[in-house]
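Coordinates in review
Listed here are the chains, written in short residue letters.
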Amino acid sequence: MYARRRHQYFAMMGTCITLFVLAWGVVRLWSVPVAVGMCVVAMVIPPVAAMIANRRGPDDRWWDDPSGDPKSDEWWDELDGKKRRL
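Residues numbered from 1 in each chain as written. Predicted model: local features only at pLDDT ≥ 70, side-chain atom pairs only at ≥ 80, totals over all residues. Heavy atoms only, no water.

With that out of the way, let us pick up the overall build of the protein chain. Helix and strand counts for the protein chain stand at 3 helices and 0 strands. In the protein chain, the order of α-helices and β-strands from amino to carboxyl end is α-α-α. Sorting the 86 residues of the protein chain into buried and exposed places 19% on the buried side. Pairs at least 24 apart in sequence give 51% of the contacts found in the protein chain among residues at least 6 apart. Accessible surface, the protein chain: about 7,100 Å² in total, of which carbon and sulfur atoms supply 64%. (Helix = DSSP H or I, 4+ residues; strand = E, 2+ residues; numbered from the N terminus. Buried < 20%, exposed > 50% of the residue type's maximum accessible area, 1.4 Å probe, protein only. Contact = heavy atoms within 4.5 Å. Areas by Shrake-Rupley, 256 points an atom, 1.4 Å probe, with all protein chains shown as cover.)

Right, dumping it as structure tokens:
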């Protein structure tokens with residue numbers, strides 16, 4: 001799951017860079033409004049790519065990882081009904 005998200009992220013960011021380079025290197029010679037539109041589309045891609053890269057899959061276990069704070073972990077374990085072994 002992690003590799004697929006990583007590949008999607010890099011593909012989207014590569015598309016973003018390609019859009020910027022093509023917009024101001026090639027397309028602006030024929031149409032500045034189209035080049036600006038391409039940049040607007042490229043501007044939206046990085047936040048979407050970050051959301052895709054950071055989303056949790058069904059196989060990812062993050063809710064039961066210890067936080068590092070013993071008091072907080074003890075409190076959460078008590079709420080979850082878990083018995084802590086000392």
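Okay, back to it.
If you look at the biggest cluster of nonpolar residues, it comprises 9 residues: Cys 16, Leu 19, Ala 23, Val 27, Ala 35, Met 38, Cys 39, Ala 42 and Ile 45. Contributions of two or more residues to this core are made by α1 (2-25) and α2 (32-54). Counting residues per element, this core draws most heavily on α2, which supplies 5 residues. Every residue in contact with Val 27, bar those within four places of it in the chain, is listed here: Leu 22, Val 34, Ala 35 and Met 38. (Core = buried A, V, L, I, M, F, W, Y, C linked by side-chain atoms within 4.5 Å.)

This part covers the environment of Ala 3. With respect to the secondary-structure elements, Ala 3 resides in helix α1. Here the alpha-carbon distance between Ala 3 and Ala 53, two residues 50 residues apart in the chain, equals 9.7 Å.

With respect to the helices and strands, the residue Arg 56 is situated in the loop between α2 and α3 (70-80). Once the C-alpha coordinates of Arg 56 and Arg 5 are considered, the two residues, 51 residues apart in sequence, prove to be 9.8 Å apart.

At their nearest, the axes of α1 and α2 sit 9 Å apart, and the two run at 165° to each other. As far as their axial angle goes, α2 and α1 are roughly antiparallel. Both α1 and α2 take part in a crossing whose hand is left-handed. Considered class by class, the residues forming the contact of α1 with α2 number 22 nonpolar, 2 polar and 1 charged. (Axes fitted to C-alpha atoms, helices over the stretch in contact; angles between N-to-C directions. Parallel < 35°, antiparallel > 145°, perpendicular 65-115°, else oblique. Left-handed = near helix turned anticlockwise from the far one by under 90°. Nonpolar A, V, L, I, M, F, W, Y, C, P; charged D, E, K, R; others polar.)

Any functional reading would require information that these geometric values do not contain.
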